[in-house]
Amino acid sequence: GDGRRVEVLVAGMQERSSTHQIWLTRQGDRVWAGKIEVDGRGSGTAWFQPNESIFKFEKVELTASTADTSATETQAMVLEGIIPIPPPPQIPNIR
């Protein structure tokens, strides 16, 4: 897709029954995207719709939850994932 609807899935998290903040990062800057609830088995799912395509960012990071989503520098990162470059659009074969 165009990267405007994003699903974050986690499994095997050690911090069970917890909440984490979701951040999108590019060139060292963080943009808050939402939060994800981790269940008692260490799994969680969250959907969000960023203001711009997810492919304009480099990474997704999860941090320990805090009520202040503006405290980007003080939150310890728990998990990060690199956002892949989207494949080019397919051009139909015309014969």
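Everything discussed here concerns the structure shown above.
Presented here is an overview of the structure given in this document. (Residues numbered from 1 in each chain as written. Predicted model: local features only at pLDDT ≥ 70, side-chain atom pairs only at ≥ 80, totals over all residues. Heavy atoms only, no water.)

**A closer look at unusual backbone geometry**
Applicable threshold: Secondary structure elements follow DSSP: runs of H or I no shorter than four residues count as helices, runs of E no shorter than two count as strands, and numbering proceeds from the N terminus. Buried means the residue's accessible area, taken with a 1.4 Å probe over protein chains only, is under 20% of the maximum for its type, while exposed means over 50%, and partly exposed covers the values in between.
One non-glycine residue, S17, adopts positive backbone phi at about 50 degrees. Looking at the secondary structure, you find S17 in the loop between β1 (6-10) and β2 (18-26). Of the residues examined, S17 reaches a relative accessible area of 61% and is grouped as exposed. For Q27, which is not glycine, the phi torsion reads 50 degrees and is therefore positive. By the element assignment, Q27 lies in the loop between β2 and β3 (29-38). In this structure Q27 comes out as exposed when scored by relative accessible area, which is 69%.

**Thoughts on the side chain of H20**
Here is the rule we go by: Only heavy atoms matter for contacts: two residues are in contact if any of them lie within 4.5 Å across the pair.
Examined against the element boundaries, H20 turns out to sit in strand β2. Under the relative-accessibility criterion, H20 is labelled buried at 0%. Every residue in contact with H20, bar those within four places of it in the chain, is listed here: M13, E15, G34, K35, I36, V38, L62, T63, A64, S65 and V78.

**Some remarks on the pairing of strand β5 (residues 59-64)**
We apply this condition: Pairing between strands is defined by DSSP: at least two bridges between them are needed.
Strand direction decides the pairing type here: β2 and β5, joined by 6 bridges, are antiparallel. Across the sheet, T25 pairs through a bridge with K59, a residue of β5. As defined by bridge partners, β5 adjoins strand β6 (residues 77-82) across 5 bridges and the pair is classed as antiparallel. When the bridges of β6 are listed, L62 appears paired with L79.

**Focus: the pattern of salt bridges**
Charged atoms that come close allow side chains of opposite charge to pair. Our working rule: For this analysis, a salt bridge means a side-chain nitrogen from Lys or Arg found within 4 Å of a carboxyl oxygen belonging to Asp or Glu.
Under the defined criterion, the tally for this structure stands at 4 salt bridges. Put simply, R30 and E61 hold a salt bridge, and the shortest N to O gap is 2.9 Å. Within this pair, whereas R30 is found in strand β3, its partner E61 is found in strand β5, the two being separated by 31 residues in sequence. Judged by its relative accessible area of 9%, E61 falls in the buried class. Salt-bridge contacts for R41 lead to D39; the nearest nitrogen and oxygen are separated by 3.1 Å.

Function cannot be inferred from these measures alone, as they are strictly geometric.
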